[in-house]
Amino acid sequence: MSKLEKKTSIVKYKLLYTFLILLLYLAGREIPLYGIDTAAYIDKTISAEDLLMQIIGGDTYRYSLFAIGVSPYMLSSIFIQVYAAYKKAGTNERVSMQKMNKMILAGTLLIAVIQAAFHVRELEYKAVGKELLLAQGITVLQMVTGVMIILWLSERNRKYGIGGQTALIYMNIIDGIVATLQGHTLKEMGLPLVISAAVVLVIVFMENAEFRIPLQRISIHNIYADKNYLAIKLNPIGTMPVMFSTAFFMLPQLIGTGLAMLFPGSERIAWWNENMVLTKPLGIGVYIGIIYVLTIVFSFILVNPKELTEQFLKSGDCLLNIHAGRDTRRYLAGKLCIISFFSATIMSMCLGVPLLLQYRGSMESTLVMLPSSMMLLTGMWCTLGREYQAIKSFDSYRMFI
């Protein structure tokens, strides 16, 4: 095959590679952990937390090889990114990408072990006594291994496929939506579907709308000089906070579980564990608060006012009617704060309204996560669509022979 023929088949190659990665991922989701009593989960009631965890784990009952999913990687990556941003802001010292990747991998392994150690106590086993301890130890190793396999699949798909890690989450979301819609009448799904349709329209608008700040570039001296601007999306980081909030929501639950083990007689800890769920006001409030914090933090990491200001100073470009340096940084920080707060409010309303309706008894718990799943599906589809168009455009070029 010539170089030209190789180049023109890149889209098909990437799609096929992603398809194979997804097949391996689906196969891993069907491998039960050692010693698990799968019959105990047949008639188990699915809660809002189970549906939420399915987004990052793909396993509704969380007893397969991929029970933990990508949550350890999500938690580790945000911690390390915040640390790197804080270190750069304080000492102006950059953390190399290689060092960050090593730190994220180490953090992922540590968090995976902790999560597996806590989750192993919630599983139903066939064994008892000493055999139960052996089975629990083996399942901990299996779950940690599953996390590493997911990371390997994600990295391979990032290099050679389409969608990177989001491709696996995309599969989880589609699987969850299909499972949610099954077993419900059209009347029962009426309100959730109306809310989901509204959420889809809002996310499509947020993903394609942008706030434009007039910009003066010293290198442009023609009729286009007045049309330069700095564009910031109304949804700066897309639906990423929704995915990460799912992983972060597990932290207060894990802390409560750990404290309950240390202080089994504490009524306050028991109350915390009882109410830290998505069917109670405390859990709903914490979940929405996490989305707000992550949206603002991620926005300032992705659209860093300090870095933009430094780039303007180096290039000589500037914002119209804004002094260079400190004034520019303050102006950008203020605008970004407003945009990120607006984005967090819109996403919180899209996710919070179904949870509140569930709390009031107006929506079934098995349907409450349908709007959030549609939100993630829409946001990822926009991102995957842009990536596909970029690869397709690359294919349209022809090499010189």
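Residues numbered from 1 in each chain as written. Predicted model: local features only at pLDDT ≥ 70, side-chain atom pairs only at ≥ 80, totals over all residues. Heavy atoms only, no water.

The subject of this paragraph is the overall build of the chain. Tallying secondary structure elements over the chain gives 15 helices and three strands in all. Counting the 401 residues in the chain, one finds 45% classified as buried. Within the chain, contacts between residues separated by at least 24 positions form 78% of all contacts whose residues are at least 6 apart in sequence. When the accessible surface of the chain is split by element, carbon and sulfur atoms take 65% of a total near 21500 Å². (Helix = DSSP H or I, 4+ residues; strand = E, 2+ residues; numbered from the N terminus. Buried < 20%, exposed > 50% of the residue type's maximum accessible area, 1.4 Å probe, protein only. Contact = heavy atoms within 4.5 Å. Areas by Shrake-Rupley, 256 points an atom, 1.4 Å probe, with all protein chains shown as cover.)

Spatially, the three strands line up as an open sheet ordered β2-β1-β3, and their pairing is antiparallel. Of all the strands in the sheet, the pair left with one neighbour each is β2 (229-233) and β3 (318-319). Across five bridges, the pairing between strand β1 (residues 210-216) and β2 is antiparallel. By the bridge assignment for β2, arginine 212 is matched with alanine 231. (Pairing = 2+ DSSP bridges.)

For the structure on display, the rule yields three salt bridges. In this structure, glutamate 155 engages arginine 158 in a salt bridge whose closest nitrogen and oxygen atoms are separated by 2.4 Å. In this pair, glutamate 155 and arginine 158 are both assigned in helix α6 (residues 130-160), three residues apart and thus about one turn of the helix distant. Of the charged contacts, one joins lysine 233 and glutamate 207 as a salt bridge, the two residues approaching to 3.1 Å between their closest N and O atoms. Linking lysine 233 in strand β2 with glutamate 207 in helix α8 (residues 190-208), this pair joins segments that are 26 residues apart in sequence. A relative accessible area of 24% means that lysine 233 is categorised as partly exposed. (Salt bridge = Lys/Arg side-chain N within 4 Å of Asp/Glu carboxyl O.)

Together, Leu16, Phe19, Leu20 and Leu23 make up a nonpolar patch on the protein surface, roughly 390 Å² of accessible area in all. Tracing the sequence through the fold places leucine 16 in helix α2 (residues 10-29). (Patch = residues over 30% accessible without salt bridge, like charges linked within 9 Å, V, L, I, M, F, W, Y side chains within 5 Å.)

Right, let's talk about the side chain of serine 343 for a bit. Residue position: serine 343 is located in helix α14 (residues 326-359). On the accessibility criterion, serine 343 (0% relative accessible area) is buried. Beyond its immediate sequence surroundings of up to four residues, serine 343 is in contact with Met206, Leu234, Asn235, Pro236 and Thr295.

Right, let's talk about the environment of tyrosine 160 for a bit. Topologically, tyrosine 160 is positioned in helix α6. Separated by 146 residues in the primary sequence, tyrosine 160 and lysine 14 have C-alpha atoms spaced 5.9 Å apart. Filtering out sequence-adjacent residues up to four positions away, tyrosine 160 remains in contact with Tyr13, Lys14 and Tyr17.

Take the packing of aromatic side chains next. Going through the model one piece at a time under the given rule, you end up with six aromatic pairs. Each ring, one from tyrosine 25 and one from phenylalanine 66, has its centre 5.4 Å from the other, and the planes form 10°; the classification is stacked. A residue pair is termed long-range when its members are at least 10 positions apart, and tyrosine 25 in helix α2 and phenylalanine 66 in the loop between α3 (48-57) and α4 (71-91) qualify at 41 residues. On the basis of relative accessibility, which here comes to 1%, the residue tyrosine 25 falls in the buried class. Their ring planes at 55° and their centres at 5.6 Å tell us that tyrosine 292 and phenylalanine 341 sit as a pair that is tilted. Residue tyrosine 292 is found in helix α12 (residues 281-302), and its partner phenylalanine 341 is found in helix α14; the two are separated by 49 residues along the sequence. For phenylalanine 341, a relative accessible area of 46% translates into the label partly exposed. Members of the aromatic cluster, each reached through a chain of ring pairs, are Tyr13, Tyr17 and Tyr160. (Phe/Tyr/Trp six-rings, centres within 6.5 Å; stacked < 30°, edge-to-face > 60°.)

Turning our attention to the packing of helix α13 (residues 305-315) against α14. Across the interface, α13 lies against α14 with an axial gap of 9 Å and an inter-helix angle of 140°. Taken together, the axis directions place α13 and α14 in an arrangement best described as oblique. In terms of crossing hand, the pair formed by α13 and α14 is right-handed. Contact with α13, carried on its side by Pro305, Lys306, Leu308, Thr309 and Phe312, involves Thr328, Arg329, Leu332, Ala333 and Leu336 of α14 and no other residues of that element. (Axes fitted to C-alpha atoms, helices over the stretch in contact; angles between N-to-C directions. Parallel < 35°, antiparallel > 145°, perpendicular 65-115°, else oblique. Left-handed = near helix turned anticlockwise from the far one by under 90°.)

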